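A look at the structure
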Amino acid sequence: MDEDGLPLMGSGIDLTKVPAIQQKRTVAFLNQFVVHTVQFLNRFSTVCEEKLADLSLRIQQIETTLNILDAKLSSIPGLDDVTFEISPVSVTGVTKESHSETTSEKSQQNSLQDSGPQESEVTPENILTVAKDPRYARYLKMVQVGVPVMAIRNKMISEGLDPDLLE
């Protein structure tokens, strides 16, 4: 006996005298285990498939909405010259940075127009930044209008652009 009062199993037991486990009973337990496991896995895969189908449908709806919004924004003439103030309550870090970039660009362009072009200096217009890149300009407009940043990031990824450049 050990500390708990249970008999010790060891080499002192003659296994030839121990009765065999009933094979029918073992097979029945094994079959029950296999059947329950397969049923669980089937239910689990069905639930996962349904959730993935719902998620795919939601993503398609968001992409469609984003494309419609993009088409509406691109159809507005003269949207490049529009400036507005954004309330700090609904501003994300990306919006603040992109808004400050566009504001600083416009002030630089205005100061360049006032002072006249000087060819000896390197003008900021010759340097291509993300804010000036036409591929990213529409995404910066979407940020300014208030489109959710995650939707914009997903759209940029689907078009092969780097969404980290918005920041």
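Looking at an unreviewed UniProt entry, the protein carries the name WASH complex subunit 3, with the source organism given as Gulo gulo. UniProt lists a comment for the protein under the heading Sequence similarities (unreviewed entry), and it reads "Belongs to the CCDC53 family."

Core analysis: the biggest nonpolar cluster contains 13 residues, and Tyr139, Met142, Val147, Ile152, Met156, Leu161 and Leu166 have the highest contact counts within it. Of all elements in the fold, only helix H1 (23-75), helix H3 (134-145) and helix H4 (149-158) reach the threshold of two or more residues within this core. Take this core: its biggest share by element is 5 residues, from H3.

What follows is about H3. Here H3 is 12 residues long and its end C-alpha atoms lie 17 Å apart, about the 16 Å a rise of 1.5 Å per residue gives. For H3, the complete set of buried residues consists of Tyr136, Tyr139, Leu140, Met142, Val143 and Gln144. Immediately downstream of H3, the backbone of glycine 146 shows phi near 115 degrees, a positive value.

Let us look at a nonpolar patch on the surface. The grouping of Leu30, Phe33, Val34 and Val38 at the surface amounts to a nonpolar patch, some 380 Å² of accessible area in total. As for its position among the elements, valine 38 is in helix H1.

Among the residues of H4, those classed as buried are Ala151, Ile152, Arg153, Lys155 and Met156. In this structure, the buried side of H4 is in contact with H1 and H3. In the segment just after H4, glycine 160 is the residue with positive phi, at about 80 degrees.

Conventions we followed
- Residues numbered from 1 in each chain as written.
- Predicted model: local features only at pLDDT ≥ 70, side-chain atom pairs only at ≥ 80, totals over all residues.
- Heavy atoms only, no water.
- UniProt positions renumbered as here; feature names shortened; annotations may be inferred.
- Core = buried A, V, L, I, M, F, W, Y, C linked by side-chain atoms within 4.5 Å.
- Buried < 20%, exposed > 50% of the residue type's maximum accessible area, 1.4 Å probe, protein only.
- Helix = DSSP H or I, 4+ residues; strand = E, 2+ residues; numbered from the N terminus.
- Expected span 1.5 Å × (residues − 1).
- Patch = residues over 30% accessible without salt bridge, like charges linked within 9 Å, V, L, I, M, F, W, Y side chains within 5 Å.
- Areas by Shrake-Rupley, 256 points an atom, 1.4 Å probe, with all protein chains shown as cover.
- Salt bridge = Lys/Arg side-chain N within 4 Å of Asp/Glu carboxyl O.
- Contact = heavy atoms within 4.5 Å.

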